[in-house]
Amino acid sequence: MTDTHCPYCSLQCGMTLQRKGPALEVLERSFPVNEGALCRKGWTSTGLRGTRERLTTPLVRDRATGELTAVGWDEALDLIAARLSALRAEHGADANAIFGGGGLTNEKAYLLGKLARVALGTSQIDYNGRWCMSSAASAGNQAFGIDRGLPFPLADIEQTDVLVLVGSNLAETMPPAARHLDRLRERGGKVVVVDPRLTPTGERADLFVQPLPGTDLALALGVLHLIDAGGSVDEAYVQERTTGFEEVRRGVASWWPERVERVTGVEAADVRALADLLAGAEKVMVLTARGAEQHTTGTDTVLAWINVALALGMPGRPAAGYGCLTGQGNGQGGREHGQKADQLPGYRSIEDPAARAHVGRVWGVDPATIPGKGRSAYELLSALGTADGPRSLMVLGSNIVVSAPNALAVTERLQSLDLLVVADIVMSETAALADVVLPVTQWAEESGTMTNLEGRVILRERAISPPAGVRSDLDLIAGLAARLDAPGGWSTDPEEVFTELRAATAGGRADYSGITYDRIRAEDGVFWPCPAEDHAGTPRLFADSFAHPDGRARFIAVEHRGPAEAVSAAYPVHLTTGRVLAQYQSGAQTRRIRELPDDGAFVEVHPLLAGRIGARDGEPVLIRTARGEMKAPARVVTTIRPDVVFVPFHWVGVNKLTNDALDPSSRMPEFKVCAAAVESCLVASRDTPDGRTHRPQIALQPAPSREAPA
Ligand code: SF4
């Protein structure tokens, strides 16, 4: 029996794995974040074991024939190292790039960053977490001087008075967390859900607010306008613990509720009801997730909601404040230890001379040899194979072909490379394009730490041996480092790598130096920062001060801008994307688990829109954007706005539709809204009593106008 954690989302639910003959069973385990509960994905997570689709040998493609041929690990690593060295010699160090993932353990993320900077000397490394939580990270750093998803344990939700969830469907994406909403309401607290769709989370809400995608920022401005106009700003807190409020106050002065209604589509009465609820509560907690963050205005949207929380005097108070519900299993730790283009381990800036000196000492290299900041994830992918861009890409823990925005364009870039290397457990859509495919371990076959959405560092323990021929990502990295004559240590033992990581993070914002594997086992995880082995860790941040040098939080004035792509006559509806309960991210794992239902992508449309285009429930519709098109069955539901359609993104083709416009601060693509056209695939051919096609004439409610702030 092995105590470990689920392989999927940022909740990192505790579970026990038990061997039963050749099978591996998931058993309930009491752990603080899930108290024994798991969602369907967790219960079925061992389903990938023994699948015939499991990769068990390295594969190398013959470009002349297109065939993949099985080779040994040494041959594959020799070939990769030789090609990387040749590309570097011919085109410079930045000719080689690395793309990591928010599901990799801290140890892997750390060693991958080191491989890029020390062994390859490239600045070109980023990861898919850039597409997940980066806008909240950027906002948290600006407002509080630090970015930790939740600055308090998740269970604090139960003790607040009003919980505002902006763009989160946690009841469906992390069901064990939904119990906190139920307990909060049982003790008389209120839940507010802000979402363009009435989701299972919205159904639990006391107040459900349904804005147009891309307008959450305007809603926050309007709420703060009313809080200020009603005299509910906590002036003492603002005075003592923050800076910058007066500019924010001036900025929200013109956001009266009727103007908010015109921009967001949320009735002025609901804006007032929300503001009244917040103004009258002793403890308010605002949590954002991808729905608010995956926009070109994502950082500013989060800042606008942080401004609301600060004006009410909440951050740092018990069971109150602002937090981000991170998404991927190690979305938090993945951005702390060096696989992000602008970071060194410990959440250090790669541009900070003191940080470079510290990490250079740990790595045993001259800090001057550590490259500077590289391209962000989408910018990196869109540069591949171009005159100034990388000529090779190594991908670990990511299925770019499915998950990247504007996926057709990204796929073309991947195909233009001189060398594409993909390490995965199955032949994902991205691995299928690779020149070299490397079969690597999955979670139950290896140990390593993850950092969950609370900043709690947890330990996944190895429960079973990997199949013959499969190696861990740490082996892969160390094998390449050795072939590239990289200086320093390259252990393949996760605990040894963690010991080095601890030293590299010492003194950084995300300081792990006091955390050990034994402590994690004994204490149900340890919260960072934890600067010494006798330090208790830090479950709650900001009680006494914020992380800026003066100890104060920053109000930052932001303005509503609306989505990058406006609806038009050609593309008259707003497309938004999201998740379903039974699938995870690109679906590379969950789509292969038999016990999980896989009905494929679908298009949620409101009956009014369905009537207008002549679509019926279950029948195919064609959805088009400026970048691509796809067909999927319609799901006609009253839970979505009539001017919005929704498609879950776990299947190939959905991200052909999404917009690659980036947030200027976080470089987050605008996954959550773009302009689209939807039409029935059958209406033109459907038989009618008079032999002619009748397109029902039901008018859409006009979309709210997009309005620039005064
Ligand atoms: S909620 Fe997340 S961590 Fe928990 S079982 Fe489900 S997928 Fe796994």
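Going by the structure above, here's the rest.
Numbering of residues starts from 1 in each chain and follows the order in which that chain's sequence is written. In keeping with the predicted nature of the model, local features appear solely for residues at pLDDT of at least 70, side-chain atom pairs appear and are counted solely at 80 or more, and the whole-chain, interface and lining totals rest on all residues. Calculated side-chain values reflect all of the structure's heavy atoms, with hydrogen atoms and water omitted.

A.B. asks: Outline the overall build of the protein chain, supporting the account with residue identities and numerical values.
C.D. replies: Here a strand is any run of E in DSSP of at least two residues, a helix any run of H or I of at least four, and the numbering for each starts at the N terminus. Looking only at helices and strands, the protein chain features 22 helices and 28 strands. Throughout, the radius of gyration refers to the C-alpha atoms, and the reference size of a globule is 2.2 Å times the residue count to the power 0.38. Computed over the C-alpha atoms, the radius of gyration of the protein chain is 25 Å, within 12% of the 27 Å expected from 2.2 N^0.38 for a compact globule of 710 residues. For the protein chain, the proportion of its 710 residues judged to be buried stands at 64%. By the convention used here, residues are in contact when the closest approach between their heavy atoms is within 4.5 Å. Considering only contacts in the protein chain between residues 6 or more positions apart, those separated by 24 or more positions represent 74%. Reported accessibility uses the Shrake-Rupley method at a 1.4 Å probe radius. Residues are deemed covered only where the shown protein chains occlude them. For the protein chain, the accessible area works out to roughly 24,100 Å², and carbon and sulfur atoms hold 48% of it. Treating the 73 positive side-chain charges of the protein chain as one cloud and the 87 negative ones as another, the clouds have centres 2 Å apart. Residue burial is assigned from relative accessible area. The probe radius is 1.4 Å, only protein chains are included, and a residue is buried under 20% of its type maximum, exposed over 50%, and partly exposed in between. Only four residue types enter the charge count: Lys and Arg as positive, Asp and Glu as negative, with His and the chain ends excluded. Note that the charge is assigned to NZ on lysines, CZ on arginines, CG on aspartates and CD on glutamates.

A.B. asks: Help me get a handle on the nonpolar core, residues and values and all.
C.D. replies: A general tendency of soluble globular proteins is for nonpolar side chains to be buried together. Only buried residues count toward a nonpolar core, which is a set of Ala, Val, Leu, Ile, Met, Phe, Trp, Tyr and Cys residues joined through side-chain atoms within 4.5 Å. Ranked by internal contacts, the top residues of the largest apolar core, which has 166 residues, are Leu115, Phe144, Leu278 and Trp490. Residues within four places of Trp490 in sequence aside, it is in contact with Leu111, Lys114, Leu115, Val118, Ala119, Ile477, Ala478 and Ala481. Counting 25 residues, the second-largest nonpolar core is a separate cluster that includes Leu59, Tyr378, Ile400 and Val410.

A.B. asks: Give a detailed account of helix H2 (residues 73–91), specifying residues and quantitative values.
C.D. replies: Given the number of residues in a helix, its expected span is that number minus one, multiplied by 1.5 Å. Helix length check: H2, at 19 residues, gives a terminal C-alpha distance of 27 Å against a target of 27 Å (1.5 Å per residue), a fit within 8%. Among the residues of H2, those classed as buried are Trp73, Ala76, Leu77, Ile80, Ala81, Leu84 and Leu87. The buried residues of H2 occupy an angular sector of 130° when the element is viewed end-on, so they sit on one face. Opposite the packed face of H2, turned more than 90 degrees from it, sit the exposed residues Ala89 and Glu90. Check the buried side of H2 and you find it contacts strand S6 (96–100), helix H3 (106–120), strand S16 (392–396), strand S17 (419–424), strand S18 (436–439) and helix H19 (473–483). Positive backbone phi, at 100°, marks Gly92, one or two positions downstream of H2. Note that the arc is defined by the directions from the helix axis to the C-beta atoms.

A.B. asks: I'd like a rundown of the packing of helix H10 (residues 257–264) against helix H11 (residues 268–279), residues and numbers included.
C.D. replies: In contact at an axis separation of 8 Å, H10 and H11 are set at 115° when each is read in the N-to-C sense. Crossing geometry of H10 relative to H11 is assigned as right-handed. Where H10 abuts H11, its residues Pro257, Glu258, Val260 and Glu261 lie against Ala268, Val271 and Arg272. In this analysis, axes come from line fits to C-alpha atoms, helices being fitted only over the stretch in contact, and the angle between any two N-to-C directions falls in the range 0 to 180 degrees. By convention the crossing between two helices is left-handed if the near helix lies anticlockwise of the far one by an angle smaller than a right angle, and right-handed if it lies clockwise.

A.B. asks: Can you lay out the pattern of salt bridges for me, pointing to particular residues and giving the numbers?
C.D. replies: For this document, the term salt bridge refers to a Lys or Arg side-chain nitrogen within 4 Å of an Asp or Glu carboxyl oxygen. Tallying each qualifying case throughout the model produces 37 salt bridges. A salt bridge links Asp161 to Arg187; the shortest N-O distance between them is 3.6 Å. With a gap of 26 residues between them, Asp161 in the loop between helix H4 (134–144) and strand S8 (162–166) and Arg187 in the loop between helix H6 (178–186) and strand S9 (190–194) connect regions that are remote in the sequence. Overall, the relative accessible area of 38% leaves Arg187 in the partly exposed class. Here Arg272 makes a salt bridge to Glu258, at a shortest N to O gap of 3.0 Å. In this pair, Arg272 is assigned in helix H11 and Glu258 in helix H10, connecting sequence segments 14 residues apart. Arg272 gets classed as partly exposed once you look at its relative accessible area, which sits at 35%. Under the relative-accessibility criterion, Glu258 is labelled partly exposed at 37%. The structure contains a network of salt bridges with shared partners spanning Glu35, Glu158, Arg179 and Arg183.

A.B. asks: Outline the layout of surface pockets, listing residues and values.
C.D. replies: Computed over the protein atoms alone on a 1 Å grid, cavities are sets of points where a 1.4 Å probe fits but cannot get out and pockets are open sets with protein on both sides within 12 Å along at least five of seven lines; a residue lines them when it has an atom within 4 Å of a point. Grid points are joined across faces, edges and corners, and a volume is the space filled by probe spheres set on the points. Space inside the largest pocket adds up to approximately 380 Å³. Secondary structure elements with two or more residues in the lining of the largest pocket: H4 and strand S15 (348–349). Per-element tally for the lining of the largest pocket: the top contributor is H4, with four residues. When residues are sorted by character, Ala, Val, Leu, Ile, Met, Phe, Trp, Tyr, Cys and Pro go into the nonpolar class, Asp, Glu, Lys and Arg into the charged class, and all the rest, Gly among them, into the polar class. Residue composition of the lining of the largest pocket, by class: four nonpolar, nine polar and ten charged.

A.B. asks: Quick rundown of the sheet that holds strand S10 (residues 207–209)? Include the residues and the values.
C.D. replies: What makes two strands pair is DSSP finding at least two bridges between them. The strand order across the open sheet built from five strands is S10-S9-S8-S12-S13, with neighbouring strands paired in parallel fashion. Taken across any chain shown, the strands that pair with only one partner, and hence form the sheet edges, are S10 and strand S13 (321–324). Each adjacent strand pair in this sheet contributes to an overall mean axis angle of 15°, direction not counted. Pairing of S9 with S10, which is carried by three bridges, proceeds in the parallel orientation. The residue of S10 that forms the bridge with Val194 is Val209. Against the sheet, H6 touches S8 and S9, its axis set at about 135° to S9.

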